[in-house]
Amino acid sequence: MDNALRLQYLEAMGIDVWVPIAAPASDQRLLPLADSVAPAIAASAPSEYEPTPADPDNWESLQAEVAVCRKCVLCETRTQTVFGTGNKQADWLVIGEAPGQSEDLQGQPFVGKAGQLLTEMLRALGLAREDVFIANILKCRPPDNRDPKADEIEACHAYLQRQLALVQPKIILAVGRIAAQSLLKTEAPLAKLRNKVHTLDETPVVVVYHPAYLLRSLQEKRKAWMDLQLAMKTYTEG
Ligand code: URA
């Protein structure tokens, strides 16, 4: 990515390259809550595959299973599954919502416009994409980038759980409302979920605005940078 574009992205996020901008914690706004995803996870069936000490999970078999998955209707319309990418022993696990068009075509998460902004968000924290592991709640693209449905989230949930168990991250960055609600099994709106540290099986979870949202709502840029700073503080102090 050329420098001008990078600076544009950083500016869009409100990140001054030299002096990080702070915003008052009180500057919050409620976001509309669309379809609830929490009940899907609450009702989630256990994975068909249960690792045991004698038969531990591994990346190869998990990736192979995902590649041919037909657990939900999204398999009918996907070009390919998007398993996830990055450092499989990363301290940081970044979890987004679902592949979009570019991701569906390339088989990699966060490679479209929002992905470029995510890359810049990570870079602002001093992290390269290769330093973290990036995955999504859903491994297949919903048609026309519609919100994931509860049964799709449920069908895919075990794959993410297995990725989480394999990476064993020190911190999870939940990117956007759907990822946050699914992971934290809640229907709370994003505004109530961000700006605090949650836990998932003792791993801290910090919720950040989705970069696609930030590209549309630049007034949230300062809060996005605050979320990232909270994540880094949590990581370094953890
Ligand atoms: N948005 C997401 O949440 N994930 C992707 O992989 C791409 C866009």
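Details of the structure are given in the entry above.
Given the structure is predicted, the values throughout are model-derived calculations rather than measurements.

J.: Teacher, can you tell me more about the side chain of Arg141 here?
T.: Relative to the helices and strands, Arg141 resides in the loop between strand E3 (133-136) and helix H7 (150-167). Of note is the side chain of Arg141, whose polar atom sits 2.8 Å from the side chain of Asn145. Once you skip the residues sitting within four places of it in the chain, Arg141 turns out to touch Leu74, Thr77, Pro99, Gly100, Gln101 and Asp104.

J.: Even after reading the chapter, I still don't get the nonpolar core, so can you show me in this structure?
T.: Grouped together as the largest cluster of nonpolar side chains are 61 residues, with contacts concentrated most on Trp92 and Leu183. Of the residues forming this core, the biggest block, seven residues, is contributed by H7. Excluding residues within four positions of it along the chain, Trp92 makes contact with Leu125, Leu127, Val132, Phe133, Pro169, Ile171, Leu173, Ala231, Met232 and Tyr235.

J.: Explain the site of the ligand to me, please; I cannot follow it from the model alone.
T.: Surrounding the ligand, one finds Gly96, Glu97, Ala98, Glu103, Pro109, Phe110, Asn136 and His210. One of the backbone N or O atoms of Glu97 is found 2.8 Å from an oxygen atom in the ligand. Contact between the ligand and His210: an oxygen atom at 2.8 Å from a side-chain N or O atom of the residue. Here the ligand, which alone exposes 240 Å², has 92% of that area covered by the protein. Using a 2 Å cut-off from the grid points, one finds that the ligand occupies the largest pocket. Grouping the amino acids of the shell around the ligand by side-chain chemistry returns three nonpolar, three polar and two charged.

J.: Teacher, can you tell me more about the sheet that holds strand E6 (residues 203-208) here?
T.: Strands belonging to one sheet form pairs held by backbone hydrogen bonds; the direction of such a pair is parallel or antiparallel. The strand order across the open sheet formed by six strands is E1-E3-E2-E4-E6-E5, and the pairing between neighbours is mixed. A single partner strand is all that each edge strand has here, and the edge strands are strand E1 (85-86) and strand E5 (197-200). In the sheet, strand E2 (residues 92-96) pairs with strand E4 (residues 171-175) via four bridges, with the strands oriented parallel. Residue Trp92 lies in a different strand from E4, and its bridge partner there is Ile171. Strands in contact with helix H11 (residues 221-237) are E2, E4, E5 and E6; relative to E6, the strand with the most contacts, it is inclined by about 170 degrees.

Thresholds, definitions, all that
- Residues numbered from 1 in each chain as written.
- Predicted model: local features only at pLDDT ≥ 70, side-chain atom pairs only at ≥ 80, totals over all residues.
- Heavy atoms only, no water.
- Helix = DSSP H or I, 4+ residues; strand = E, 2+ residues; numbered from the N terminus.
- Polar contact = N/O pair within 3.5 Å; in protein donor to acceptor, adjacent residues only side chain to side chain.
- Contact = heavy atoms within 4.5 Å.
- Core = buried A, V, L, I, M, F, W, Y, C linked by side-chain atoms within 4.5 Å.
- Buried < 20%, exposed > 50% of the residue type's maximum accessible area, 1.4 Å probe, protein only.
- Near = heavy atom within 4 Å.
- Areas by Shrake-Rupley, 256 points an atom, 1.4 Å probe, with all protein chains shown as cover.
- 1 Å grid on protein atoms, 1.4 Å probe; cavity = no way out; pocket = protein on both sides within 12 Å on 5 of 7 lines; lining within 4 Å.
- Sits in = over half its atoms within 2 Å of the grid points.
- Nonpolar A, V, L, I, M, F, W, Y, C, P; charged D, E, K, R; others polar.
- Pairing = 2+ DSSP bridges.
- Axes fitted to C-alpha atoms, helices over the stretch in contact; angles between N-to-C directions.

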